[in-house]
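# Understanding the architecture of this molecule
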Amino acid sequence: VSSYGQPSVIRARLDELGIIEMPETGQRLADMDLGWDSHVHDNSSYGRKTPSQLVIDAFIKGISGITVAFNQLATLGNVEEVLAAGEILGVRVEIGVEFSVRTRDHRFHFMYLLPAVSTSTELAEFFRRNGETLRPFLDGLARNQASRIASIRALIDNFNAVHLPALNGGWEPGSVYALPRLDLEAAEEIVPLENLNRMHLGELLYSQWKPVLLRRVLLAMSKVNRAREELANGSISRWDFSNIEGRYQALRRTYTELNPEDLRSQYFGAPQLSEYPTVFTDMKAVCRPLKATGGSIKMLHPLEHGLDAAYEAVLANAGWIDQVEVYNMYDSINRS
């Protein structure tokens, strides 16, 4: 219907989908400055989209600029991809790197924003000039990632010890109806270990749990069909049939509503296990070389430890902080 180009039809669809109408000026989105998202993640960290998909999504929504946040800069493939996609589609792309610092008795989160680079050539030149300056920071990120993986291992061990027996209750161990133990090796099929974080644990459990649940649903359906025949010839009561059908409907509902994010929050949300130590404890030592490269520092979701702690952290580190993120929809969901 849209292909006929009728303005009333197009505008109705834009309203329905929550997409803005773009003026046809021939300009690139980056030059129109119509909208922005200053904190997005690709699938190498906390997101589910590839770098190219992030930029395509921004293009469709009429967003002129995005800041893509990474956890690591050990490999630059995803960074180069998102820059190339931005150049092709005319979306302005900034690159950020998340890190955390223990300051004022709390662990706060920050983002190092690289100076503006728009191509892989400019990115390579930036690292050629600043490689030695950035080395302590990049080494610290790598050490933090090792600690992050250790915390993920603890979350997996906790799941296997606490939740797995309950999910497999009443099913023969080792059968096709029993969920196998989770392990880090299986996680590598979803994302390389150097990029692994606890957000991926929901994806890991989903990939293992979905086929097991399907087999349980099919078995329950066959029991319902057999019970329906037994009800017809009087072998079982209506009450027995209702119980069998109720178990099938509950299983089917669990299967159809299954999603990675709910699994992550339900089984891997323990804060005492997901926290890991950071090697960064001196704000000045971390930020001085980063700012020497021409970059800037943004404080992320500052209210994670309450308003008073935010005041103290900002005032104590004001000489190093260039921006403060005052609103982040995703990170604000579970915060006061």
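Report follows, based on the coordinates. Just so we're clear, the structure is a prediction, and the values are computed from it rather than from any experiment.

Conventions used here
Residues numbered from 1 in each chain as written. Predicted model: local features only at pLDDT ≥ 70, side-chain atom pairs only at ≥ 80, totals over all residues. Heavy atoms only, no water. Helix = DSSP H or I, 4+ residues; strand = E, 2+ residues; numbered from the N terminus. Buried < 20%, exposed > 50% of the residue type's maximum accessible area, 1.4 Å probe, protein only. Polar contact = N/O pair within 3.5 Å; in protein donor to acceptor, adjacent residues only side chain to side chain. Pairing = 2+ DSSP bridges. Contact = heavy atoms within 4.5 Å. Axes fitted to C-alpha atoms, helices over the stretch in contact; angles between N-to-C directions. Parallel < 35°, antiparallel > 145°, perpendicular 65-115°, else oblique. Left-handed = near helix turned anticlockwise from the far one by under 90°. Nonpolar A, V, L, I, M, F, W, Y, C, P; charged D, E, K, R; others polar. Core = buried A, V, L, I, M, F, W, Y, C linked by side-chain atoms within 4.5 Å. Salt bridge = Lys/Arg side-chain N within 4 Å of Asp/Glu carboxyl O. Patch = residues over 30% accessible without salt bridge, like charges linked within 9 Å, V, L, I, M, F, W, Y side chains within 5 Å. Areas by Shrake-Rupley, 256 points an atom, 1.4 Å probe, with all protein chains shown as cover. Phe/Tyr/Trp six-rings, centres within 6.5 Å; stacked < 30°, edge-to-face > 60°. Lys NZ or Arg CZ within 6 Å of the ring centre and 35° of its normal.

### Some remarks on unusual backbone geometry
With a phi angle near 50°, D33 is a residue other than glycine that sits in the positive phi range. Relative to the helices and strands, D33 resides in the loop between α2 (29-32) and β1 (36-41). Positive phi is not limited to glycine here, since H301 has a value of about 20°. Mapped onto the elements of the fold, H301 is located in the loop between β5 (296-300) and α12 (307-316).

### Topic: the environment of Q266
By the secondary structure assignment, Q266 is in helix α9 (residues 260-267). Assessed through its relative accessible area of 52%, Q266 is described here as exposed. The sequence separation of Q266 and S44 amounts to 222 residues, and the corresponding C-alpha distance is 22 Å. For Q266, the side chain forms a polar contact with the side chain of Y267, separated by 3.3 Å.

### Here we look at the sheet that holds strand β3 (residues 92-103)
In spatial order, the strands read β1-β2-β3-β4-β5-β6; together these 6 strands make up an open sheet with mixed pairing. At either margin of the open sheet sits one strand with a lone partner, and together these are β1 and β6 (323-324). With 2 bridges connecting them, β5 and β6 associate as parallel partners. Across the sheet, residue M299 finds its bridge partner in β6, namely V324. The sheet contacts of helix α5 (residues 120-167) involve β3 and β4 (106-113), and relative to β3 the element is tilted by about 35°.

### Some details on the pairing of β3
Among the 12 residues of β3, 9 are classified as buried, and the element is accordingly described as predominantly covered. Looking at chain direction, β3 and β4 are connected through 8 bridges and run antiparallel. Note that in β4 the partner of E98 across the bridge is M111. The antiparallel hairpin formed by β3 and β4 contains 2 residues in its connecting segment, where R104 sits at a positive phi of about 55°.

### Comments concerning the packing of helix α3 (residues 51-61) against helix α4 (residues 77-89)
Put simply, α3 and α4 touch, their axes get as near as 8 Å, and they point 30° apart. Considering their axes alone, α3 and α4 lie roughly parallel with respect to each other. Handedness of the crossing formed by α3 with α4: right-handed. Facing P51, S52, V55, I56 and F59 of α3, the residues of α4 in contact are N78, E81, V82, A85, G86 and L89. Residue composition of the contact of α3 with α4, by class: 7 nonpolar, 3 polar and 1 charged.

### Looking at the packing of helix α7 (residues 200-232) against helix α8 (residues 238-257)
Two elements in contact, α7 and α8, have axes separated by 9 Å at closest approach and are oriented at 160°. With respect to each other, α7 and α8 are oriented roughly antiparallel. The two elements α7 and α8 meet at a crossing, and its hand is left-handed. Residue-level inspection shows K210, L213, L214, R216, V217, A220, M221, K223, V224, A227, R228 and L231 of α7 in contact with α8, the latter providing R238, F241, I244, E245, Y248, L251, R252, T254 and Y255. In terms of residue class, the contact of α7 with α8 is built from 13 nonpolar, 1 polar and 7 charged.

### Some details on the nonpolar core
Ranked by size, the top nonpolar core spans 41 residues in total, and within it F99, F110, Y112 and F137 carry the most contacts. Looking at which element gives the most residues to this core, the answer is α5, with 6 residues. Once residues within four sequence positions are removed from consideration, Y112 is found in contact with I95, G96, V97, F99, F126, L134, F137, L290, T293, G295, S296 and I297. The next biggest cluster of nonpolar side chains, apart from the first, holds 33 residues, and it includes W209, A220, I236 and L258.

### Digging into the pattern of salt bridges
Throughout the structure, instances matching the rule amount to 12 salt bridges. The residue E125 makes a salt bridge to R128 at a minimum N-O spacing of 2.6 Å. In this pair, E125 and R128 both sit in helix α5, 3 residues apart, roughly one turn of the helix. Residue classification places E125 among the partly exposed positions, given a relative accessible area of 29%. The exposed category is assigned to R128, whose relative accessible area is 60%. Look at the salt bridges and you will find they share partners, linking K49, D57 and K61 into a network.

### Let's talk about a nonpolar patch on the surface
On the surface, a cluster of nonpolar side chains totalling about 450 Å² of accessible area is made up of L303, L307, Y311 and L315. Tracing the backbone shows L315 in helix α12.

### Comments concerning the packing of aromatic side chains
Think of a pair of aromatic rings as described by two things: how far the centres are apart, and how the planes are tilted against each other in angle. For the structure shown, the criterion picks out 9 aromatic pairs. For the ring pair F159 and Y267, a centre distance of 5.6 Å and an interplane angle of 85° mean the geometry is edge-to-face. Residue F159 is found in helix α5, and its partner Y267 is found in helix α9; the two are separated by 108 residues along the sequence. Each member of the pair, F159 as well as Y267, is classed as buried. Each residue in the set F99, F110, Y112, F137 and F280 is aromatic and connected to the rest through ring pairs, giving one cluster. Across from the ring centre of Y255, 4.3 Å away, lies the NZ or CZ of K210, which sits over that ring.

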